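Architecture at a glance
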Amino acid sequence: MGFDRFFRPASIPALVFCALLGTVAAGRAAALTLLRDADIEHGLTELAFPILRAAGLNASRVRILVVHDSSFNAFVVDHRTIFLHSGLIQKVESARMLQAVIAHEAAHITNGHIARRMGNLQSARSAAGLGTVLGMIAAAAGGGQAGAGIALGAQTAAMRSFLSHTRAEEASADRAAASYLTWAGIDPRGLVDLHQAFAGQELLSLATQDPYMRSHPLTRDRIRAAEAYVAAQGEAIPPDPNHDYWFARLRGKLSAFTRAPSWTLRRAPEEEHRDIRLMREAVAHHRQNDSARALARIDAALALRPDDPFYFDLKGQILMENRRWSAATAAYEQAVALAPRDALILGGLGRAQLAAGRLKDALDSLEKSRARDFRDARVLRDLALAYARQGEPGMAALATAERYALAGQLDDAGILARRALRHLPRGSPPWQRAQDVLSASEKHRKRN
Ligand SMILES: [Zn+2]
């Protein structure tokens with residue numbers, strides 16, 4: 001039980017880490033830990049939006065999610081999500097480089113490279129014995145069962161080969177990426193910068209290469225081709241100040257939560273945007289358990305950007321982790337007023353309301369959050385807790401069933417779904433969701 005792994009290193013307040021888990025064919029569990037943060041995800045959306053639109057994708061439906069992994073990698077497994085490793089975000093040097101990665105991954109979606117892979121999967125599944133992991137990705141990509149979620153084992157050989165693109169795919173993705181960037185008014189030189197960062201890696205052994213290099217093979221021809229498109233674009237396009245701001249902010253927040261607070265406090269003064277500097281210092285002081293300084297810094301950042309929902313969200317988190325439930329609730333309420341559709345912020349409000357003993361309000365916020373993002377394991381756990389307190393065992397069991405399904409523990413999910421079905425009114429929407437989890441669990445059992 002309890003494979004809902006969201007890491008919170010001892011005594012260190014952390015960004016929200018939650019895990020998408022898969023059980024690989026050999027039976028060994030491999031974790032992919034997602035790092036969920038409303039501010040960082042918003043920044044990525046700011047950077048990605050014009051590119052996704054240029055690619056003809058529905059920019060509000062494609063999510064950019066951060067995987068907590070220090071290696072350099074980015075990948076897509078379905079049509080709705082681009083995964084970026086936190087290591088990639090830390091290592092790229094400019095907004096345009098990060099945007100080149102996003103454009104390249106978007107091109108893998110639009111050029112049908114995912115569809116081809118899914119087609120191969122149907123025939124390859126039994127022969128290759130990839131089993132659960134890839135089957136569930138296929139289910140997630142099909143978008144059928146909301147309850148089934150996705151589960152990945154990104155470290156396995158089977159997964160690696162699934163994620164690898166052919167040289168022809170790489171060349172076509174680069175070509176498309178260069179066009180998307182240009183149409184979006186972003187300098188496509190980021191693509192060449194990206195390739196240059198990898199120059200020489202093809203000479204390294206597989207073990208020392210970055211995973212991005214293994215899954216997106218780089219050849220001299222590919223580099224030359226990209227340089228040619230970029231040269232054909234003509235004059236350099238000046239950087240967009242809004243993109244530069246969000247790039248600095250999302251990297252600043254990521255490093256403030258992942259590097260030593262002393263490092264952040266030493267480096268923050270170099271930050272040219274004053275509010276970002278204050279936010280980073282707030283995180284560093286908070287991680288050093290200095291709540292007075294942390295709150296003073298985040299309040300100063302809010303004085304500069306009084307309508308910023310994500311700074312209120314961070315203030316809520318700091319107060320929450322200092323067990324000041326009602327002050328935390330007030331901060332999250334302000335965040336929600338400014339960003340009423342943000343699932344992560346709604347989840348934060350729900351958590352604070354639950355801690356403050358406001359059960360009805362908590363259920364309302366958490367349900368709103370779940371309706372917008374069913375992949376947040378923390379929200380599902382809080383929902384189960386809230387429903388149990390409310391005396392609704394069917395709804396509590398359903399939330400837990402969905403959380404297990406999300407983590408790839410389909411046997412446990414099935415047991416909880418059966419329990420939920422015993423309590424829920426037959427034919428009601430929650431009953432239907434429990435049915436979806438149960439049928440995903442039964443399908444999984446038949447396959448094995
Ligand atoms: Zn690629």
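Residues numbered from 1 in each chain as written. Predicted model: local features only at pLDDT ≥ 70, side-chain atom pairs only at ≥ 80, totals over all residues. Heavy atoms only, no water.

1. Here's the deal with the overall build of the protein
On a plain count of helices and strands, the protein comes out with 22 helices and 5 strands. By the burial criterion, 57% of the 448 residues in the protein qualify as buried. Counted over contacts in the protein with a minimum sequence separation of 6, partners at least 24 positions apart contribute 61%. Total accessible area on the protein is roughly 18,300 Å²; 52% of this is exposed by carbon and sulfur atoms. (Helix = DSSP H or I, 4+ residues; strand = E, 2+ residues; numbered from the N terminus. Buried < 20%, exposed > 50% of the residue type's maximum accessible area, 1.4 Å probe, protein only. Contact = heavy atoms within 4.5 Å. Areas by Shrake-Rupley, 256 points an atom, 1.4 Å probe, with all protein chains shown as cover.)

2. A look at the pattern of salt bridges
In the structure shown here, the tally under the stated rule is 24 salt bridges. A salt bridge links aspartate 39 to arginine 249, with the shortest nitrogen-to-oxygen separation between them at 2.9 Å. A residue pair is termed long-range when its members are at least 10 positions apart, and aspartate 39 in helix α1 (residues 38-54) and arginine 249 in helix α11 (residues 241-258) qualify at 210 residues. Each of the two residues, aspartate 39 as well as arginine 249, counts as buried. (Salt bridge = Lys/Arg side-chain N within 4 Å of Asp/Glu carboxyl O.)

3. A look at the coordination of the zinc ion
For a metal with four tetrahedral donors the ideal donor-metal-donor angle is 109.5 degrees, whereas six octahedral donors ideally subtend 90 or 180 degrees. Bound to the zinc ion on the protein side are His104 (NE2), His108 (NE2), Glu170 (OE) and Glu170 (OE), at distances that span 2.1 to 2.5 Å. What the 4 donor atoms of the zinc ion show is an angle range of 53 to 134 degrees at the metal, which sorts the shape as irregular. Of note, the zinc ion draws all its donor residues from one chain, in the sequence arrangement H-x3-H-x61-E. A residue pair is termed long-range when its members are at least 10 positions apart, and histidine 104 in helix α3 (residues 95-110) and glutamate 170 in helix α7 (residues 167-183) qualify at 66 residues. The same class applies to histidine 104 as to glutamate 170, namely buried. (Donors = N, O, S within 2.8 Å, 3.2 Å for Na, K, Ca; no water. Tetrahedral: all angles 85-135°; square planar, octahedral: opposite > 155°, others 65-115°.)

4. Here we look at the nonpolar core
Ranked by size, the top nonpolar core spans 50 residues in total, and within it Leu44, Ile82, Leu84, Ile89 and Leu98 carry the most contacts. Once residues lying within four places of it in the same chain are set aside, the contact partners of leucine 44 are Ile64, Val66, Leu84, Ile89, Leu98 and Leu250. (Core = buried A, V, L, I, M, F, W, Y, C linked by side-chain atoms within 4.5 Å.)

5. Structural notes on helix α10 (residues 220-232)
Because each turn of an α-helix spans 3.6 residues, side chains separated by three or four positions in sequence point in the same direction. Spanning 13 residues, α10 covers 18 Å between terminal C-alpha atoms, matching the ideal 18 Å at 1.5 Å per step. When we look at burial in α10, the residues that qualify are Arg222, Ile223, Ala226, Tyr229 and Val230. Relative to the axis of α10, the buried residues are bounded by an arc of 125 degrees and lie together on one face. Those residues of α10 that are exposed and aimed more than 90 degrees away from the buried face are Arg220, Asp221, Arg224, Ala231 and Ala232. Each element contacted by the buried residues of α10 is listed here: α3, α7 and α8 (189-198). (Expected span 1.5 Å × (residues − 1). Arc of directions from axis to C-beta.)

6. Some points on the packing of helix α15 (residues 309-321) against helix α17 (residues 343-355)
Between two packed helices, both the angle of their axes relative to each other and the distance between the axes serve to describe the pair. Closest axis-to-axis distance for the α15/α17 pair is 11 Å, and the angle between their directions is 30 degrees. The angle between α15 and α17 places the two elements in the roughly parallel class. The chirality of how α15 crosses α17 is left-handed. Counting all contacts with α15, which are made through Pro309, Phe310, Asp313 and Met320, the residues of α17 involved are Ile345, Arg351, Ala352 and Ala355. For the contact of α15 with α17, the class distribution of residues is 6 nonpolar, no polar and 2 charged. (Axes fitted to C-alpha atoms, helices over the stretch in contact; angles between N-to-C directions. Parallel < 35°, antiparallel > 145°, perpendicular 65-115°, else oblique. Left-handed = near helix turned anticlockwise from the far one by under 90°. Nonpolar A, V, L, I, M, F, W, Y, C, P; charged D, E, K, R; others polar.)

7. Some thoughts on the side chain of histidine 108
Looking at the element boundaries, histidine 108 is found in helix α3. Under the relative-accessibility criterion, histidine 108 is labelled buried at 0%. Polar side-chain contacts of histidine 108 include one of 3.0 Å to the side chain of glutamate 170. (Polar contact = N/O pair within 3.5 Å; in protein donor to acceptor, adjacent residues only side chain to side chain.)

8. Quick notes on the pairing of strand β5 (residues 81-85)
Extensive coverage of β5 is indicated by the burial of 5 of its 5 residues. The side-chain alternation of β5 yields two buried faces, one formed by Thr81, Phe83 and His85 and the other by Ile82 and Leu84. Where strand β3 (residues 63-67) meets β5, 5 bridges bridge the pair, whose relative direction is parallel. When the bridges of β5 are listed, arginine 63 appears paired with threonine 81. Taken together, strand β4 (residues 74-76) and the strand that follows it, β5, pair antiparallel across an intervening segment of 4 residues. (Pairing = 2+ DSSP bridges.)

9. What about α17?
Taking 1.5 Å of rise per residue, 13 residues should cover 18 Å, and α17 covers 18 Å from first to last C-alpha, within 8% of that figure. Extensive coverage of α17 is indicated by the burial of 12 of its 13 residues. Every buried residue of α17 is listed here: Ala343, Leu344, Ile345, Leu346, Gly347, Gly348, Leu349, Gly350, Arg351, Ala352, Gln353 and Leu354. The N-capping residue of α17, defined by a side-chain oxygen 3.0 Å from the backbone nitrogen of leucine 344, is aspartate 342. Of the residues trailing α17, glycine 357 is marked for its positive phi of about 85 degrees.

10. As for unusual backbone geometry
Phi angles above zero are rare outside glycine, and asparagine 289 is one such case at about 60 degrees. In this fold, asparagine 289 is placed in the loop between α13 (274-287) and α14 (291-304). Looking at asparagine 289, the relative accessible area reads 60%, which means it is exposed.

11. Some words on the environment of aspartate 290
Note on placement: aspartate 290 falls in the loop between α13 and α14. In this structure the side chain of aspartate 290 is engaged in a polar contact, spanning 2.9 Å, whose partner is the side chain of arginine 293.

12. Considering the side chain of arginine 370
For arginine 370, the location among the structural elements is in helix α18 (residues 359-372). Classification of arginine 370 as buried rests on a relative accessible area of 14%.

13. Some thoughts on the confidence of the model for the protein
A low pLDDT means the predicted coordinates there should not be read in detail. Of the residues in the protein, 79% reach a pLDDT of 70 or more, and the chain-wide mean stands at 81. Every residue in residues 1-31 scores below 50 in pLDDT, and together they form 90 contacts with partners more than four places removed in sequence or on other chains. Long-range and interchain partners of residues 121-156, a stretch whose pLDDT sits below 50, account for 88 contacts in this model, where long-range means more than four residues apart. (pLDDT = per-residue confidence, 0-100.)

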